[in-house]
Amino acid sequence: PFLNQYKRVLICDGTHGITMKGFKLYTIVVVDSLMHSAMAAYAFVKQESTEDLISVFSEIKSHLGANTVLISDDNPATSVLCHHFKFVHLLCQWHYAKSWVKNCTQNRMTRTIMLSFADVFYSLLRGTSFANEQDFEIQMRAFGDSVVQFCPGMKSWINDFSRDRKQV
């Protein structure tokens, strides 16, 4: 019933380490009119592969309407899934913030420097505090240049963030 009622935006992710046989729990969550999340469907999948995800969504497609928006991590299979079913695909801000911390750590950025960029990063992530698109682009460039100046190893991640910014 939740899927029929609140089918416009789906939040999807796989949880690893659920079974001894290596299956993942793939959940499909909707947000109701009170802004509470509710699990609408789930499946146990061997992998979060394109084939597995298309199989899952083939089962629930009849409950979905036009202009479905799917929010997920950046699993490449999800992009193919969204193209296959003509869903709008957005990237989860929580996953993107998690990847920021992970990449800063892997590239040995000090915690002090990482935290000094945090407010700007989260402002860019939300994209709601800018006068217009041009202002956003200027801030995005300044952020990227500054991060790379302090930590050159972050260049690839900054390029990915810049590429993905509208999807995030």
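Above this text is the structure in question.
Okay, so let's go over this structure. (Residues numbered from 1 in each chain as written. Predicted model: local features only at pLDDT ≥ 70, side-chain atom pairs only at ≥ 80, totals over all residues. Heavy atoms only, no water.)

Quick look at the sheet that holds strand β4 (residues 69-72)
Okay, so step 1: Taken in spatial order, the five strands line up as β3-β2-β1-β4-β5 in an open sheet, and their pairing is mixed. Because the sheet does not close on itself, it has two edges, and the strands there are β3 (37-45) and β5 (88-91). Direction aside, the axes of adjacent strands within the sheet are offset by 25° on average.
Okay, so step 2: Here six bridges tie strand β1 (residues 9-15) to strand β2 (residues 24-31), and the two strands are oriented antiparallel to one another. Residue pairing in the sheet places threonine 15 in a bridge with leucine 25 of β2.
Okay, so step 3: Here helix α3 (residues 76-85) sits on the sheet and contacts β4 and β5; the angle it forms with β4, its principal contact strand, is near 175°. (Pairing = 2+ DSSP bridges. Helix = DSSP H or I, 4+ residues; strand = E, 2+ residues; numbered from the N terminus. Axes fitted to C-alpha atoms, helices over the stretch in contact; angles between N-to-C directions. Contact = heavy atoms within 4.5 Å.)

Comments concerning the environment of serine 58
Okay, so step 1: Position of serine 58 relative to the elements: it lies in helix α2 (residues 50-60).
Okay, so step 2: A relative accessible area of 42% means that serine 58 is categorised as partly exposed.
Okay, so step 3: Along the sequence, serine 58 and tyrosine 6 sit 52 residues apart, while their C-alpha atoms lie 18 Å from each other. (Buried < 20%, exposed > 50% of the residue type's maximum accessible area, 1.4 Å probe, protein only.)

Regarding the pairing of β3
Okay, so step 1: Relative to β3, β2 runs antiparallel, the two being bridged by eight bridges. The residue of β3 that forms the bridge with threonine 27 is tyrosine 42.
Okay, so step 2: Two successive antiparallel strands, β2 and β3, enclose a turn made up of five residues, where methionine 35 displays a positive phi of approximately 65°.

Description of the packing of aromatic side chains
Okay, so step 1: In this structure the tally under the stated criterion is 20 aromatic pairs.
Okay, so step 2: Note on phenylalanine 121 and tryptophan 157: the rings are 5.7 Å apart at their centroids and 55° apart in plane angle, and the pair reads as tilted. Of the two residues, phenylalanine 121 sits in helix α5 (residues 111-126) while tryptophan 157 sits in helix α7 (residues 155-164), which places them 36 residues apart along the sequence.
Okay, so step 3: We classify phenylalanine 121 as buried; its relative accessible area is 0%.
Okay, so step 4: Positioned above the aromatic ring of phenylalanine 23, the side-chain terminus of lysine 46 is 5.0 Å from the ring centre. (Phe/Tyr/Trp six-rings, centres within 6.5 Å; stacked < 30°, edge-to-face > 60°. Lys NZ or Arg CZ within 6 Å of the ring centre and 35° of its normal.)

Concerning the packing of helix α4 (residues 93-106) against α5
Okay, so step 1: Two numbers describe how α4 lies on α5: the axes approach to 11 Å, and their chain directions differ by 155°. When the interaxial angle is binned, α4 and α5 end up roughly antiparallel. The two elements α4 and α5 meet at a crossing, and its hand is right-handed. Packed against α4, whose contacting residues are Gln93, Tyr96, Ala97, Trp100, Val101 and Cys104, the element α5 presents Met114, Phe117, Phe121, Tyr122, Leu125 and Arg126 at the interface.
Okay, so step 2: Within the contact of α4 with α5, the residues separate by chemical class into 10 nonpolar, one polar and one charged. (Parallel < 35°, antiparallel > 145°, perpendicular 65-115°, else oblique. Left-handed = near helix turned anticlockwise from the far one by under 90°. Nonpolar A, V, L, I, M, F, W, Y, C, P; charged D, E, K, R; others polar.)

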